[in-house]
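Below are the chains, spelled out letter by letter.
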Amino acid sequence: MSFDRIHFMQQANQRFRDSLIGIGSGGNSTGLPAVHGVPQAMNHAAAALLQRDPTTAALSQAAEDALQAAHRARGALMLHSIDYIARLVRQELPAADAITVDCQERNMREVFDKKGNTIWSAPASSTSRLRDGIVEDIDAMLNDVIPFGGLTEAGWRYSTESIAYRTVFLPKTEVTERRTAATSFPTPEGMAVLHAEFSPGTPAFSLVGPNESYSRETRDRVRAGITNSGIGFPAGNVAVVAHWTVVRTGSSADLAIACTLLAAAGVIDATTLNGVALIGELGLDGRIRSVRDVADTVRIAQEAGCQKFIVAADDFDEVSQNLDITPVGANDLNAAIGFLNEMTETSPTATTPDARPHGTPGEDAGKCAQC
């Protein structure tokens, strides 16, 4: 590939990045990025149209939201891809600190340690310390990820060896042992157990619930809600089991599921779950939505001994009419995590993480052991 062609592609990629974040180098007084090849007056005309036509304004906002979502999604893709590659490389080469990627061929060329010494290079040999199967998985990931662009934004540095090569520093992650977290959730059958387990390895997320449809839909909502909250979905194997058999629970357990799996992954302190009932649907954007029959759900937990509740902000007025409990309303997942930390700091006593309710699917877990 000629230098002129590479330079053209770099310029095109920069214009794409500028369009995603809404700030082009050709900005103008309208606040809209200048469109190449379109007269400047067209941008002013577009701005004027937005002001007098609500439909156009709504479509413009929808397009802007989609661009922002695409930008966030690309950032998340780059982040999680490198987390995954780092995990694969360090399974065989624990001293790995950085890799060199050939962005033209879309494959990994070298692996370096912290001192800059090459500890693996392509092509792999029979004596290579990095198995061919792992290298193939990494190259397949790079082949899928690189076309999305955004490499410079993700911290991929140009290599002095070739303009097509990038140096990628691997995240400073440590191999963790299997960890678990649990809480209880109010269902029409009574308080039931919600259990999550995290272990290092190939990223995966499984959820066992009342039926396959519930498990699939809840898993998709929770994964998207966590990712789009900017928290980042845990890079490892996450397994969640919801120990109840009734589907009437619906989406009201989303918030509890999200916080429990984050606790198992070490993103939040597992002790923050103690003494708090989490009730709310998790939207794809990370916002917490109101649920049906929230007062009845709260009553079930209250009868089991729970006094602290985190619910959707839209449900707070209804729940706060109960003067015998301490509820807070959260707009999104980040706010709920903040409230969990605050409730833990102000709690007069701390319950050990092992003080969890026990029960089998379909059984009442008894009194809320955390409340």
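Residues numbered from 1 in each chain as written. Predicted model: local features only at pLDDT ≥ 70, side-chain atom pairs only at ≥ 80, totals over all residues. Heavy atoms only, no water.

Below, the discussion takes up the packing of helix H3 (residues 54-92) against helix H4 (residues 132-145). Think of two packed helices as two axes; the pair is described by the angle between the axes and how far apart they sit. Closest axis-to-axis distance for the H3/H4 pair is 10 Å, and the angle between their directions is 170°. Relative to H4, the element H3 is oriented roughly antiparallel. Of the two possible hands of crossing, H3 and H4 adopt the one that is left-handed. Contacts between H3 and H4 involve Leu77, Met78, Ser81, Tyr84, Ile85, Leu88, Val89, Gln91 and Glu92 from the first element and Ile134, Asp137, Ile138, Met141, Leu142 and Val145 from the second. Its residues assigned to classes, the contact of H3 with H4 comprises eleven nonpolar, two polar and two charged. (Axes fitted to C-alpha atoms, helices over the stretch in contact; angles between N-to-C directions. Helix = DSSP H or I, 4+ residues; strand = E, 2+ residues; numbered from the N terminus. Parallel < 35°, antiparallel > 145°, perpendicular 65-115°, else oblique. Left-handed = near helix turned anticlockwise from the far one by under 90°. Contact = heavy atoms within 4.5 Å. Nonpolar A, V, L, I, M, F, W, Y, C, P; charged D, E, K, R; others polar.)

With antiparallel pairing, the five strands of this open sheet are ordered in space as E3-E2-E1-E5-E4. The outermost strands of the open sheet, each flanked by one partner alone, are strand E3 (118-121) and strand E4 (157-158). Sheet topology places strand E1 (residues 98-102) next to strand E5 (residues 165-169); five bridges connect them, and they run antiparallel. Within E5, the residue paired with Val101 across the bridge is Arg166. (Pairing = 2+ DSSP bridges.)

Here the focus is the pattern of salt bridges. Per the stated rule, a full pass over the model turns up eight salt bridges. Here Glu153 ties to Arg74 by a salt bridge, and the two come within 3.0 Å at their closest N and O atoms. Taken together, the positions of Glu153 in the loop between H4 and E4 and Arg74 in helix H3 put the pair 79 residues apart, joining distant regions of the chain. Linking Arg299 and Glu303 is a salt bridge whose minimum nitrogen-to-oxygen distance equals 3.3 Å. Taken together, the positions of Arg299 and Glu303, both in helix H7 (residues 294-303) and four residues apart, correspond to about one turn of that helix. Given the relative accessible area of 38%, Arg299 is considered partly exposed. Residue classification places Glu303 among the exposed positions, given a relative accessible area of 51%. (Salt bridge = Lys/Arg side-chain N within 4 Å of Asp/Glu carboxyl O. Buried < 20%, exposed > 50% of the residue type's maximum accessible area, 1.4 Å probe, protein only.)

For soluble globular proteins, the rule of thumb is that nonpolar side chains tend to be buried together. If you look at the biggest cluster of nonpolar residues, it comprises 57 residues, and the most contacted ones within it are Val240, Ile257, Leu261, Leu278, Phe309, Ile310 and Leu333. Counting residues per element, this core draws most heavily on helix H6 (residues 254-264), at nine residues. Setting aside residues up to four positions removed in sequence, Leu333 forms contacts with Gly225, Ile226, Ser229, Ile231, Leu255, Ala258, Cys259, Leu262, Leu282, Gly286 and Ile288. Listed in part, the 26 residues of the second largest apolar core include Tyr84, Leu93, Trp120 and Val168. (Core = buried A, V, L, I, M, F, W, Y, C linked by side-chain atoms within 4.5 Å.)

This paragraph deals with the pairing of strand E2 (residues 107-112). Burial runs high along E2: five of the six residues are buried. Summarising the sheet, E1 and E2 pair through five bridges and their orientation is antiparallel. Across the sheet, the residue bridging to Val101 is Met108, located in E2. Taking the residues that link successive antiparallel strands as the turn, the E1-E2 hairpin has four residues, and the phi of Arg106 there is positive, at about 60°. Examined bridge by bridge, E2 and E3 share three bridges and lie antiparallel to one another. Pairing of Glu110 across the sheet is with Ser121, part of E3. A loop of five residues connects E2 with E3, the two strands running antiparallel in sequence, and Gly116 in this loop sits at a positive phi of about 85°.

Turning our attention to the packing of aromatic side chains. Summed over the entire model, instances satisfying the criterion amount to one aromatic pair. For the ring pair Phe205 and Phe233, a centre distance of 5.1 Å and an interplane angle of 45° mean the geometry is tilted. Of this pair, Phe205 sits in strand E8 (residues 204-208) while Phe233 sits in the loop between helix H5 (212-228) and strand E9 (237-242), placing them 28 residues apart in sequence. Just as Phe205 is buried, Phe233 falls in that class too. Positioned above the aromatic ring of Tyr158 is the side chain of Arg166, whose terminal nitrogen or guanidinium carbon lies 3.9 Å from the ring centre. (Phe/Tyr/Trp six-rings, centres within 6.5 Å; stacked < 30°, edge-to-face > 60°. Lys NZ or Arg CZ within 6 Å of the ring centre and 35° of its normal.)

Let's shift gears to unusual backbone geometry. The step from Ala122 to Pro123 runs through a cis peptide bond, and the omega angle for that step is 0°. Positionally, Pro123 belongs in the loop between E3 and H4. The phi dihedral of Arg106 falls on the positive side, at around 60°, and the residue is not glycine. Tracing the backbone through its elements, the reader meets Arg106 in the loop between E1 and E2.

With that settled, consider the confidence of the model for the chain. Parts of the model with low pLDDT should not have their predicted coordinates read in detail. Model confidence for the chain is summarised by a mean pLDDT of 79, while 75% of its residues fall at 70 or above. In this model residues 19-42 is a low-confidence stretch, pLDDT under 50, and it forms 32 contacts with partners more than four residues away in sequence or in other chains. pLDDT under 50 marks residues 348-367. Its contacts with residues more than four places away, or in other chains, come to 38 contacts. (pLDDT = per-residue confidence, 0-100.)

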